[in-house]
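# Secondary and tertiary structure notes
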Amino acid sequence: MRYFLDCEYDGWNGPLLSLALVPEDGGEEFYVVIKHERPLTDWVERHVAPYFWTVPEPHKHDPLDTHEAAELLSQWLAGLDEVEIIADWPEDISLFCRLIMTGSGEIVRVPRLTFRFVRLPGFSTARNSVVPHNALHDARSLRDHFTHLE
């Protein structure tokens, strides 16, 4: 099964703020907002933070710390044997991998994962998203565009 990934984060190399995985087949989606400790950069405060909760139920919940988010992601992936994760920005893959690492030499339980970075010249998830700079809506936009190309 293929899943499309999008993340929002606070500036260049900044901390993860939200993460979404959207399945190719339109099935159950994953979306989480992460607690953040420091003030957000001005751009993120204006263009990302206001849209965290512009998602349907059951995706609305209190922000989670990274360990809680990693455990929730692990539970959501439970039962899958192999997952291909597609992203159009390399930092999204990096943030996903950092999230599932919970300590020195520790990782939450995940199935076999394959990551694919796809460069889509001329395409922007934010420009094509129903709610730009919301990870869930942007991941849906990526899925729709990518599957349309095939």
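This text follows the structure it describes.
The model shown is predicted, which means the values in this text are computed figures rather than measured ones. Residue numbers run consecutively from 1 along every chain, following the written order of its sequence. Given that this is a predicted model, residues contribute local features only at a pLDDT of at least 70 and side-chain atom pairs are listed and counted only at 80 or more, while totals for whole chains, interfaces and linings are drawn from all residues. Hydrogens and water molecules were not included; the side-chain quantities draw on all heavy atoms of the structure.

### Focus: the packing of helix α2 (residues 66–77) against helix α3 (residues 90–100)
The contact between α2 and α3 brings their axes to 8 Å, and the two run at 100°. Relative to α3, the element α2 lies roughly perpendicular. Contacts from Thr66, Ala69, Ala70, Leu73 and Leu77 of α2 reach α3 at Phe96, Leu99 and Ile100. Lines are fitted to the C-alpha atoms to define the axes, a helix being fitted only along its stretch in contact, and any angle between axes, read from their N-to-C directions, falls within 0 to 180 degrees. The helix and strand labels rest on DSSP assignments: H or I over at least four residues marks a helix, E over at least two residues marks a strand, and numbering proceeds from the N terminus. For this classification, under 35 degrees means roughly parallel, over 145 means roughly antiparallel, 65 to 115 means roughly perpendicular, and everything else is oblique. Throughout, a contact is declared for two residues whenever any of their heavy atoms are within 4.5 Å.

### Comments concerning the pairing of strand β2 (residues 16–23)
Looking down a regular strand, the side chains alternate between one sheet face and the other. In terms of burial, β2 is largely enclosed, as 8 of its 8 residues are buried. A pair of strands is labelled paired if DSSP reports no fewer than 2 bridges between them. When strand β1 (residues 2–9) meets β2, the two strands line up antiparallel, connected through 7 bridges. Residue pairing for β2: Leu5 is matched across the bridge by Leu21. Two successive antiparallel strands, β1 and β2, enclose a turn made up of 6 residues, where Gly11 displays a positive phi of approximately 80°. By the bridge criterion, 4 bridges tie β2 to strand β3 (residues 30–33) in an arrangement that is antiparallel. Among the inter-strand pairings, Ala20 is bridged to a residue of β3, identified as Tyr31. Hairpin geometry of β2 and β3 is characterised by an intervening segment of 6 residues between the two adjacent antiparallel strands and by a positive phi of about 80° at Gly26. Only protein chains enter the area calculation, which uses a 1.4 Å probe; residues under 20% of their type maximum are buried, those over 50% are exposed, and those in between are partly exposed.

### Things to note about unusual backbone geometry
Unusually for a residue other than glycine, Asn13 sits at a positive phi of about 60°. In this structure, Asn13 sits in the loop between β1 and β2. One non-glycine residue, His133, lies in the positive phi region at around 65°. Looking at the secondary structure, you find His133 in the loop between α4 (125–128) and α5 (135–149). By relative accessible area, His133 is classed as partly exposed at 21%.

### As for α2
Owing to its 3.6 residues per turn, the α-helix brings residues three or four apart onto one side. Any helix carries an expected span of 1.5 Å times its number of residues minus one. Here α2 spans 16 Å end to end across 12 residues, near enough to the 16 Å set by a 1.5 Å rise per residue. For α2, the set of buried residues is Ala69, Ala70, Leu73, Ser74, Trp76 and Leu77. Projection of α2 onto a plane perpendicular to its axis shows the buried side chains occupying an angular sector of 160°, all on one side. Buried residues along α2 sit against β1, β2, β3, β4 (82–87), α3 and β5 (101–103). Identification of polar contacts relies on pairs of N or O atoms within 3.5 Å, with a donor-acceptor requirement for protein atoms, meaning one able to donate a hydrogen and the other able to accept it, and with residues adjacent in sequence counted only if both atoms are side-chain atoms. Between a side-chain oxygen at the N-terminus of α2 and the backbone nitrogen of His67 the separation is 3.0 Å; the capping residue is Asp65. Gly79, located one to two residues past α2, shows a positive phi value of around 95°. Directions drawn from the helix axis to the C-beta atoms are what define this arc.

### What to know about the pairing of β4
Judged by how many residues are buried, β4 sits mostly within the fold: 5 of 6 residues are covered. In this sheet, β4 lies alongside β1 in parallel orientation, the contact comprising 3 bridges. Along β4, the bridge assignment pairs Phe4 with Ile86.

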